[in-house]
Amino acid sequence: MKLLLIGLLPAAIGFLLTRALGGGTRRICRHDVFKLIIGTGIGVGLCSECYFAGLVASIPGPLPELLLAVAVVIAVCLNRNKTRCRFCERPSRAPEDRTLTRYLAAAFAFLLLLDLAIFIWVSERNPRGGWDAWAIWNLRAHFLYRAGGSAWRDAFTEVLAWSHPDYPLLLPAFVARGWRLLGRESSMVPVALACFFTFGCAGLMASGVTILRGARQGFLAGLALAATPFLYVQGAMQCADVPVAFFILATLVSLALADRFNSRGFAAIAGMAAALAGWTKNEGLLWFGAILLARILMARGRSLQPFLAGALPVLAPVIFFKACVATASDIFGSAGRAGMIARVLDPNRYLLIAKEAFRHIRDFGPLPVSAFAILAVYLAIAGLQRDKRDRDILRTSTLALSLSAVGYCLIYLLRPLDLAWLLDTSADRLLLQIWPGIVFAVFLASRSLTVPDVLPDFPFLACRDDSQLEHPLDGHLQTVFCRADWQGCPLDPAQPSLLGSSCFATCGLVAARPLCGAPSKIWRSIGKLIGTTASGDLPPRRRRLRGPLAGDAAENRGGAESAHRDSLHPDTAISVAAWDRSRLLYQARQQPASFPSRRLHGARLPSQRICVPVAERPGHRLA
Amino acid sequence: MRDQNSKRAQLANAVILLMSTFAVCTLAGYFSLVNRDLRVPEAIVMDEARFTGIRALLPARGTIGYLSDTGGIERNPKAYYLTQYYLAPLVVAADPDHDLVIANFASPSAIATLAAANGLTVKHDFPNGVALLGRRAR
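The model shown is predicted, which means the values in this text are computed figures rather than measured ones.

S.K.: How would you sum up the overall build of chain A? Please name residues and give values.
M.R.: Within chain A, the regular secondary structure consists of 25 helices and 5 strands. Expressed as a percentage of the 623 residues in chain A, the buried residues total 59%. Carbon and sulfur atoms form 63% of the exposed surface of chain A, whose accessible area is close to 24800 Å².

Here is the structure:
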C-alpha cells in the first residue's frame, strides 16, 4: 500500500492528467507509453508541490495529493466523451524497413541495459548519491522529513548558504514525501526517483520522436541519449541536472506535439513541464523564461494561452517559495552584488568561459569523439527536412536552448566564486541539462534515414497489368503496390513487398531506387553485416535495377509475368503507403466511400496504409 | 538528387552505428574510471552510526557550532557537510562560536586541547572522535 502511494500515485495522477489533456482512447494504445513517461514526470512534480503545500499549510499526510488525484479523476470523467488518441488517428509518415528498425531497437535496448548496469553499480556504491545529492538535495529532504511543525524552515538559513537554500524543492520534497509515507528514511526513494528521471529521458526521447518522426528515427534519437554515459553516471549520483534535462525535453516534445496535432492540451502539458523544471533547480527557471521568450519571438505566441494556463498553477508554489521561504541567491544577494561590475568587465573571465566551454563540449559524453561533433556530422550528412509543420517548434527550441546556454555563461560571469573551479565542476552538468533537448531538436530537424520525408506533389498513380505507369513517380514513393481485387486478395497486407503483381514489379523498383541505388562500399559492408539493406525485402534482381522510371522494359515484362503467375488482377486498387497526409485527408473528405475499412480479411491494416480504389479517383487515366 | 539523399541517409546510419560503438567502448571505460575514483581513501571515516549517540544529547531544533582537527570547512568541507547531513534538522554552523559545539576529530586525543584553545569544555566524549562541547561560563 505504501509503495503504491509512493510510486504509483504520482504516475497515475500524471498519466490520467496527460490523457485528460492530450486525449486517449478508452483502451490502452501504443502511444500510452509516451504519456505514461511524461505523465509520471509531471505527477512526481505535482506530488512534490502538494507535499510542500502540506508543509506550509501544516496539513498532515497525503491529503493535498489525494485531493489532486480526485481533481484529475474528475477531469478524466469530464473528458470521457473525447476518448480518442490524436496520434492514432493520423497516419505516420512511412512504413519502415522492419529489419533495420528491429536492429536499432535491439541496439537501443542493449545500450540501455549497459546503462542500467552502470546505474545499479554506481548506486550501490553511492546510495546517498554524489556530492550535490547529499549536500543539497537529500540534506534538505532530511530537514523536511525530520523537522516537526515549522522547523523545516530552518533549512533555509544563511548559515547553510553553502547548501544553496535558494534552490527549489522538487527533489527534496518528493524524497521527504516518500520517507513520510514509508515511515522511515530509505535511500531507495532517491535512487528510484533518480532512476526514473535518468531512464525516463531516453524513454521520452524515443517515444516522443517515434510519434513525430517514426519508429526508426525515434530509436536513433533514443540511441543518441543511451550513448551518453555521463547521463547515467550523473543520474546514479542523484544529480538534479538530470530531472531538469527531463523537463526541458518534456517541454520541447510536448510543444512539438501541440504544434503538429494542434493540441491545446499538449501545450498546457508543455507549460507544466517548463514550470516543473523551475521547481527543480534555478536553471529550470532560466529555461522557463527562455522557452517563453522563444515561443513569443519565433512562433508568434502560438499556443501561448494554454502553455501559460498549464504553467501558472505549477509556478505558484515556486513563486511562493522564492518570495517567502528561500534565501537570496549567491548571485543577486549582497555577496554576489559586491564586485559584480568588476567581474563583468574582466576580459579574462570571458576568455576562460569560452575556453572551458569549448573543452567541455569537446569532451562531453565522454566519447572518443565529441557527442556534439557526432550530432553535427549526422545532421550534415542526413540533411535538414523541410516540413513546415515543425518549423515553429524547431525555431523555438533552437532559440530557447541558445538562450539557456547564454544564460549559463552569464551565470558563470556573475557568480562570485572561483571561476575555474566553478567551470570545472559544473560545466558538464549544465551541458547535460540541455543535451536531450539538443538531441531532440537535431532528430526532429534531420531527414529520416533512407526515406525522404517530404513526398513530392506527384499525380495519382494508375497501373495496368502491362505495368505501364501513367505518370512518373519521381522516385520518392517508398512502397507502392497494386493489388488485384483487394476485396479478395489473399496476401498479407502487412507485407507489401511480398505482393506479386505486375504493377508492384514496376512500382517496387521505382520505390527501391532511392532506397538502395548506388550504395557505397561502407553501406554494402554494413548491409552484409546486419543481413539486410534499407530495402532488403526486394529480390536481388530488382535491387540491381537502375535508371529512369519507365526505363527497363525487360524488368517490367518480367514483373508482369510474375504477376500473371501469381494469378492476380491488377489495377483494381492501389495501396499507397506514406502518402502525403493532406492529400489523403482531402480524398477521404471527397470520397468517403473510398475508405470503407481498414480491415482486410481479418488482418488489421496498419493505420498508415490506406487503400484507394483507382476507379474512384478523380482525374485518373489508365494507360 | 535522389541518389545523393540516399547516400546521405546511408552514411547517417553508419554514423549512428559508429556512435553506438563509441558508447559501448566508453561505458566499458567508465567502469574502470568510477571504480578508481571510489577507492580514494578519506581522512575521516564518515558513517551515520558515529553520530547516533550524540544525537540523543542534542536539542531537537536550533543551531550548534562545529570544531574539527582536520582543517574545518575550508580544508575538509566534506566532513563538515556530512556532519550537517547526519544531524539535520539541527543547523550546524561552520564555526565554534556557539553555546553547544560538536567536535568531529580524526584523532580523539586532540579534542580536549583544541576545545580548551577555543574556550570550550568537553561535555561528553564519545570514543569515536565525536564529542559534545560546551562554552565555559564567562
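S.K.: Can you tell me about the sheet that holds strand 4 (residues 120–125) of chain B, naming the residues and giving the values?
M.R.: All names here are of chain B. Here we have 5 strands laid out as an open sheet, ordered 2-1-3-5-4, and mixed in their pairing. For this open sheet the edge positions go to strand 2 (91–92) and strand 4, each flanked by a neighbour on one side alone. Relative to strand 3 (residues 100–104), strand 1 (residues 63–68) is paired through 4 bridges, and the arrangement is parallel. In the strand pairing of strand 3, L67 is matched with A103.

S.K.: Could you give an account of the confidence of the model for chain A, naming the residues involved and the relevant values?
M.R.: With 70% of its residues at a pLDDT of 70 or more, chain A has an overall mean of 73. Confidence drops under pLDDT 50 across residues 451–623 of chain A; counting only partners more than four residues distant or on other chains, this segment forms 299 contacts.

S.K.: Provide a residue-level description of helix 17 (residues 347–363) of chain A, including the pertinent values.
M.R.: Residues and elements named next belong to chain A. Taking 1.5 Å as the rise per residue, helix 17 with 17 residues should run 24 Å; its terminal C-alpha atoms sit 24 Å apart, in good agreement. Regarding helix 17, its N-cap is D346, as a side-chain oxygen of that residue lies 3.0 Å from the backbone nitrogen of N348 further along. Phi for G365, located one or two positions after helix 17, is positive at around 140°.

S.K.: Tell me about the pairing of strand 5 (residues 130–135) of chain B, and please be specific about residues and values.
M.R.: Residues and elements named next belong to chain B. With respect to burial, strand 5 is a largely interior element, 5 of its 6 residues being buried. Examined bridge by bridge, strand 3 and strand 5 share 5 bridges and lie antiparallel to one another. Paired with V101 across the strands is L133, a residue of strand 5. Sheet topology note: the strand 4/strand 5 ladder contains 5 bridges and is antiparallel. Bridging from a neighbouring strand, D125 pairs with A131 of strand 5. The hairpin turn running from strand 4 into strand 5, its antiparallel successor, is 4 residues long, and G129 in that turn takes a positive phi close to 95°.

Cut-offs and rules
Residues numbered from 1 in each chain as written. Chains lettered and ligands numbered in written order. Predicted model: local features only at pLDDT ≥ 70, side-chain atom pairs only at ≥ 80, totals over all residues. Heavy atoms only, no water. Helix = DSSP H or I, 4+ residues; strand = E, 2+ residues; numbered from the N terminus. Buried < 20%, exposed > 50% of the residue type's maximum accessible area, 1.4 Å probe, protein only. Areas by Shrake-Rupley, 256 points an atom, 1.4 Å probe, with all protein chains shown as cover. Pairing = 2+ DSSP bridges. pLDDT = per-residue confidence, 0-100. Contact = heavy atoms within 4.5 Å. Expected span 1.5 Å × (residues − 1). Polar contact = N/O pair within 3.5 Å; in protein donor to acceptor, adjacent residues only side chain to side chain.

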